[in-house]
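What the coordinates show
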Amino acid sequence: MDYKSLEEILLSDKPSVLIKKNEKAIFNFIPDLEKSKNFEQHNIWHVYDVYEHILHVVDEVPVNIISRLTALFHDIGKPDAFTQDENGVGHFYGHWDISKKIFLKFAANNNLDENITKRVARLIEYHDIRIETMSDEDIKKIIKDFDEEDIELLFLQKNSDLLAQNSIYHHLLDSYEEQRKRVLNIYKTLI
C-alpha cells in the first residue's frame, strides 16, 4: 500500500468496501487505524466501534481528498485518548489533538501537499468543537485561518460524523445548520 493507492480507495464511491477488502495492507500502512478496529466506545452517543464509525463517516462525506482524509483520521486517536468514568461511560478527551498528530506524521511520511496537510489537520482539530457554546470572538479566533470552502467542509464533516452516531441524536443536525449560518456570518465580517 502507498499513498496513491489509498487516495484511489478514498475517492471511490464507497471507500469502506475497498478499505475492508484491503484491510491488512491499509493497517500496515496506517497502524493506528488497526487500533480502532473492535475498539468499543462505551458511550450512548455511539452505536459502532471506532473503526466502523470512521468507515461510516468516510462513506458519508463528499468525494474529495480533503473530506475523505479528514474522515479517515478524525477519530483515529480515540483508542489513545480513551478513559472510562465511574459509571463505565467512555470518554475521549483531546482525541482530536492525538488524531491530528497521527495525521501530521502520516502526511510527513508520505510527502503530502502542504496545503492539503494544513486543511485536513485543521478540520480534524475542529471537527468536534462545540460551536453552540462559543462566543463570536472565540469563533473568530478559530476561523481566522479558514476560507469559506473549509467552513462548509467542516460542517459537512460534523454532519457526517453525527449521522454515524446513535440516531437518537440526529435531531442535532438542525442546530448544526444554525451554527453553520452563524459561523459563515461571522466569517463574512472578517473578509
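Before reading further, recall that the structure is shown in the block above.
Every value quoted in this text rests on a predicted model; they were computed, and no experiment measured them. (Residues numbered from 1 in each chain as written. Predicted model: local features only at pLDDT ≥ 70, side-chain atom pairs only at ≥ 80, totals over all residues. Heavy atoms only, no water.)

Things to note about the overall build of the chain
From N to C terminus, the chain includes 12 helices and two strands. N-terminal to C-terminal, the α/β element order of the chain is α-α-α-α-α-α-α-β-β-α-α-α-α-α. The C-alpha radius of gyration computed for the chain amounts to 16 Å, which stays within 12% of the reference 16 Å derived for 191 residues, consistent with globular compactness. C-alpha extents for the chain along the principal axes are approximately 45 × 45 × 25 Å. With 191 residues in all, the chain has 50% of them scored as buried. Per element, the accessible surface of the chain, about 9,700 Å² overall, is 49% carbon and sulfur. (Helix = DSSP H or I, 4+ residues; strand = E, 2+ residues; numbered from the N terminus. Rg over C-alpha atoms; globule rule 2.2 N^0.38 Å. Buried < 20%, exposed > 50% of the residue type's maximum accessible area, 1.4 Å probe, protein only. Areas by Shrake-Rupley, 256 points an atom, 1.4 Å probe, with all protein chains shown as cover.)

Regarding the packing of aromatic side chains
The final tally for this structure, using the stated rule, is nine aromatic pairs. With centroids separated by 5.5 Å and ring planes inclined at 65°, the aromatic side chains of F27 and Y51 adopt a geometry described as edge-to-face. Pair noted here: F27 is in helix α3 (residues 23–29) and Y51 is in helix α5 (residues 50–60), with a separation of 24 residues, a long-range link. As far as the burial class goes, F27 and Y51 line up, both buried. Relative to F106, the ring of F29 has its centre 5.4 Å away and its plane inclined at 80°; by these criteria the two rings are edge-to-face. (Phe/Tyr/Trp six-rings, centres within 6.5 Å; stacked < 30°, edge-to-face > 60°.)

Considerations on helix α12 (residues 173–190)
An ideal rise of 1.5 Å per residue puts 26 Å on 18 residues; α12 measures up with 26 Å between its terminal C-alpha atoms. Along α12, the residues classified as buried are Y176, Q179, R180, V183, L184, I186 and Y187. All buried residues of α12 fall inside an arc of 165° around its axis, so they share one side. What points out from α12, more than 90 degrees from its buried face, is the exposed set D174, E178 and T189. In the core, the buried residues of α12 are packed alongside α10 (136–143) and α11 (148–163). (Expected span 1.5 Å × (residues − 1). Arc of directions from axis to C-beta. Contact = heavy atoms within 4.5 Å.)

On their own, these measurements won't tell you what the molecule is for.
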